[in-house]
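Results of the structural survey
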Amino acid sequence: METHHRISRKQSILLFGILCILLPATLFLQTDLTNLRAEIVSDYGDVAVKSSTANAPAGADEYVHDTNGNTTHTIKEESCFEARTNTIPTHLHGKLPTPYINLGFAKMGSSSIHAFFGCAGYRSTHYRCLPGSSCAKCIRQSVEDGLPPLQHCGSADVFAQIDDGSKGHYPQVEYIDELATGHPNATFLLPFRSMEKWYKSMKGWHQMNIKLRRANITGLPIGTGKNVDEFGTWWCWHVKRVRDIVARNPSHALVEINLEDPSTRERMGEMFGVDESCWGKANANSKIHPELNAGISSLHASMECAGYKSTFYKCGPRGIHNCAKCIRESVQSGLSPLSKCPDADAFMQIDHGNEFAQIEDLNEFAVSYQNATFFLTFRSMEDW
């Protein structure tokens, strides 16, 4: 935010022509400036308003003086539209405690987060925490019973989407205090994307933007959300609230994720000790992202959403073994291909690098699992 204090040309002429009131006018301007600074402190709380740049730390407020002695004061406030990259110290990389709870909104990369942790072998839920029951429903029931929000939501390491999308139940908004106090060691996730792309994605997903306007969610009252700016205001309010709650509850870690930064792939791998190849887009709208059609990560997310136990690339616990390895070991031992792989309903990626079980062991799959349902995905060869 920029606050400018300049004496206009009209004021200058008036002060020059009426010398007898020069001193009172100067005192009035000083008083007015003091009051304005008080208002800024009131509005921004911990944002300090300094009177000079002497000994100011790097990244502090800026004061620019022009040749007429006027001062332009810029308060540097962290953007609510940009993910911070310095919230997790290096010594905590690979050691962040579960559960991981996504506090972002629907159509903000929740499927990508779900696929990422599923690929790494974590037990991840997305939208549905229990068969036939949304996470939003079991969280509400837990809170109403006076229990920690996730108490009735089954056992999982990751809760990649806890709202129910266009239906308008958003526990990350309504029960954010309960999530912080009820799960004091949880790691919170907060994904970021362009507001324009988010709004376009909501419009393309069964007109979610219109449905949310009618939902009366805290921070987004009925009728609000007519355009991207109004949704952006809601998002900004939410980001500031999340950051404030984490600052007041230091037992929590907050991982902010820039969905549109190519370096996020490497950063997510480092922070969670996971193969960076697990990171990618899932559940993208094919009308907006046609290049992502027929993605196996999307199949994985869909299976998990429907309540199936699905694996993706990693079949071992916490990503110890890739699926191709346990399939190879099973076949070499004269067993059915999935015998040494953990029990699952769906195996959404069984290859690994240059090891393609769906080619080398296709006959074994067909003979051993005569009732299995096979998936064969297609996409443009150019995009592939």
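Turning our attention to the state of the cysteines. For the structure shown, the criterion picks out five disulfides. Put simply, Cys129 and Cys135 are joined by a disulfide, and their sulfur atoms are 2.1 Å apart. An S-S torsion of about 105 degrees defines the bridge between Cys129 and Cys135 as right-handed. Relative accessible area serves as the criterion here: at 0%, Cys135 is assigned to the buried category. Put simply, Cys326 and Cys341 are joined by a disulfide, and their sulfur atoms are 2.0 Å apart. Its torsion about the S-S bond being 100 degrees, the disulfide of Cys326 and Cys341 is classed as right-handed. Of this pair, Cys326 sits in helix H12 (residues 323-332) while Cys341 sits in the loop between H12 and strand S12 (346-347), placing them 15 residues apart in sequence. Both residues of the pair, Cys326 and Cys341, belong to the buried class.

With 74% of its residues at a pLDDT of 70 or more, the protein chain has an overall mean of 79. Counting interchain partners and residues more than four positions distant, the pLDDT-below-50 stretch residues 1-66 has 63 contacts. Contacts from residues 71-76, a stretch scored under 50 in pLDDT, to residues over four places away or in other chains number 30 contacts.

Below, the discussion takes up the pattern of salt bridges. According to the stated counting rule, one finds nine salt bridges in the structure shown. With its nearest N and O atoms 2.8 Å apart, the salt bridge here joins Arg84 to Glu256. Here Arg84 is found in the loop between strand S3 (71-74) and strand S4 (100-102), whereas its partner Glu256 is found in strand S10 (residues 253-258), with 172 residues between them in sequence. Among the residues examined, Glu256 registers a relative accessible area of 0% and is labelled buried. The partner of Arg328 in a salt bridge is Glu355, and the shortest N-O contact between them spans 2.2 Å. Remark: Glu355 occurs in strand S14 (residues 355-356) and Arg328 occurs in helix H12; sequence separation between them is 27 residues. With relative accessibility at 22%, the residue Glu355 sits in the partly exposed group. Salt bridges sharing partners connect three or more residues here, namely Glu78, Arg84, Arg243 and Glu256.

Thresholds, definitions, all that
- Residues numbered from 1 in each chain as written.
- Predicted model: local features only at pLDDT ≥ 70, side-chain atom pairs only at ≥ 80, totals over all residues.
- Heavy atoms only, no water.
- Disulfide = S-S within 2.5 Å.
- Buried < 20%, exposed > 50% of the residue type's maximum accessible area, 1.4 Å probe, protein only.
- Helix = DSSP H or I, 4+ residues; strand = E, 2+ residues; numbered from the N terminus.
- pLDDT = per-residue confidence, 0-100.
- Contact = heavy atoms within 4.5 Å.
- Salt bridge = Lys/Arg side-chain N within 4 Å of Asp/Glu carboxyl O.

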